[in-house]
Amino acid sequence: MRIVIAGSSGYLGKPLMKALESVGEGHDLVRLVRHRPDEENEIRWDPYKAPLDPQILDGVDAVVNLCGVNVGGKRWNDAYKKRIQTSRVIPTKVLAEAVAAAEVPVLVNGSAAGWYGDRADVEVDESTPAAADFLGRLCLRWESATAPAEEAGARVVKLRTGHVLGPDSVLLDHFVPVWKCFLGGRFGSGRQYLPWISLRDWVNAAVTAIEDDSIRGPVNMVGPTPATNREFTKALGAVVHRPTPWIIPGWAVKIVAGEAAIEMLRGAKIKPGALQANGFQYQDETVFEALRYALRD
């Protein structure tokens, strides 16, 4: 396949590129980049200034869009929340319109498990409506921006990704030093769910979504065994060989992390319905296995 990828330099984009290059004889990959191209497979674009020329997508079999600034990268003030939104919605809209104009058959687009918001103990799947909070509304706009491609007949896949646990993950880079200093503990009650997936399972699932014509619509990119914050805390403690006796109150987390703390203090029990229906085989079926893989020496 000839595949065009936007967001290929990010935490998910790099391993996905590597996996696609190693499939069989390797797919023909083209990277959309914001900087001056310095490799043959790079094409410069700026989705904030101009549409993407549909001719760039001539003969392309699939477009993959992983654009978006890190949700947990900074405290959420109004300016950063706007950046979170525009960095996802605008590139998606530009790419979807180009996919429609060039009649590209497949668009695989990023989304997030934040779609579901706080659902307590209620299990949710891909048919559950978006939450009414900031992340839920963001994901709704993000996914809705793929409409031009869908209306043109493309197979559109929306990857609703949970916390990705792998080497050098942002989440673990924040947590592991704290746990190793014997300061680890659950957040608030610890009963809230924390959607997770290992990096290698995410990559394999994304490759499947690109290649398998039977997959379309939203796909929950989460592990098969939901974990609460309490369970995640205990599993991380076991992997780094530290006790986790502390209870970190919600107000303290919010003082340190601001509104972004919602990511840790609220969550949903998400079922990976689309992947399970497809018969996807996980390498890491529990959060302990995912953390052990992520933190292996």
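Up top is the structure.
None of these values were measured; they are calculated from a predicted model.

Calculation notes
Residues numbered from 1 in each chain as written. Predicted model: local features only at pLDDT ≥ 70, side-chain atom pairs only at ≥ 80, totals over all residues. Heavy atoms only, no water. Core = buried A, V, L, I, M, F, W, Y, C linked by side-chain atoms within 4.5 Å. Buried < 20%, exposed > 50% of the residue type's maximum accessible area, 1.4 Å probe, protein only. Helix = DSSP H or I, 4+ residues; strand = E, 2+ residues; numbered from the N terminus. Contact = heavy atoms within 4.5 Å. Arc of directions from axis to C-beta. Pairing = 2+ DSSP bridges. Axes fitted to C-alpha atoms, helices over the stretch in contact; angles between N-to-C directions. Phe/Tyr/Trp six-rings, centres within 6.5 Å; stacked < 30°, edge-to-face > 60°. Lys NZ or Arg CZ within 6 Å of the ring centre and 35° of its normal. Disulfide = S-S within 2.5 Å.

A. Representation of the nonpolar core within the structure. Ranked by size, the top nonpolar core spans 51 residues in total, and within it Trp202 and Phe232 carry the most contacts. In terms of residue count, helix 6 (residues 199–211) provides more of this core than any other element does, 8 residues in total. If near-sequence neighbours (up to four positions away) are discounted, Phe232 is found in contact with Leu165, Leu171, Leu172, Phe175, Leu194, Val287 and Leu291. Counting residues in hydrophobic clusters, the runner-up holds 20 residues, among them Val30, Leu57, Leu107 and Val156.

B. Structural view of helix 5 (residues 170–180). Taken together, the buried positions of helix 5 are occupied by Leu171, Leu172, Phe175, Val176 and Trp179. Buried residues of helix 5, viewed axially, fall in a sector of 105 degrees; they line one side. The first or second residue beyond helix 5 is Phe182, which carries a positive phi of 65 degrees.

C. Layout of unusual backbone geometry. Although it is not a glycine, Asp168 adopts a positive phi angle of roughly 70 degrees. Among the structural elements, Asp168 can be located in the loop between strand 8 (163–165) and helix 5. When its relative accessible area of 62% is taken as the criterion, Asp168 is described as exposed. In this structure, His241 takes a positive phi of about 60 degrees despite not being glycine. Structurally, His241 can be placed in the loop between helix 7 (229–240) and strand 12 (246–248).

D. Quick peek at the sheet that holds strand 11 (residues 217–221). Pairing within the open sheet is parallel, and its 7 strands lie in the order 3-2-1-4-5-7-11. The outermost strands of the open sheet, each flanked by one partner alone, are strand 3 (42–44) and strand 11. Put simply, the sheet's adjacent strands are angled 25 degrees from each other on average, direction ignored. Bridge count between strand 1 (residues 2–6) and strand 2 (residues 28–33): 5 bridges; the pairing is parallel. From the neighbouring strand, Ile3 faces strand 2, where its bridge partner is Leu29. Each of strand 5 (106–112) and strand 7 (155–161) touches helix 3 (residues 134–144); the most contacted strand, strand 5, lies at about 175 degrees to it. The strands that helix 6 touches are strand 1, strand 4 (62–65), strand 5, strand 7 and strand 11; relative to strand 7, the one it contacts most, it runs at about 165 degrees.

E. Spatial organisation of the packing of aromatic side chains. Within this structure, the stated rule accounts for 5 aromatic pairs. A ring pair is formed by Phe175 and Phe187, whose centres lie 5.6 Å apart and whose planes are at 75 degrees; its orientation type is edge-to-face. Of this pair, Phe175 sits in helix 5 while Phe187 is found in strand 9 (residues 185–187), placing the two residues 12 residues apart along the sequence. Every member of this aromatic cluster is reached through a ring pair, and the members are Phe175, Trp179, Phe187 and Phe232. Its guanidinium or amino end placed over the ring of Phe134, Lys81 lies 4.9 Å from that ring's centre, counting from NZ or CZ. The lysine or arginine in question, Arg88, covers the ring of Trp142, its NZ or CZ lying 5.1 Å from the ring centre.

F. Seen up close, the environment of Thr86. Among the structural elements, Thr86 can be located in helix 2 (residues 78–102). Taking the C-alpha atoms as reference, Thr86 lies 31 Å from Pro224; in sequence the two are 138 residues apart. Not counting residues up to four positions away in its chain, the partners in contact with Thr86 are Tyr48 and Pro91.

G. Inspection of the state of the cysteines at higher detail. Evaluated as defined, the whole model comprises 0 disulfides. Of all cysteine sulfurs, the one in Cys139 lies closest to Cys67, which takes part in no disulfide; the gap is 15 Å.

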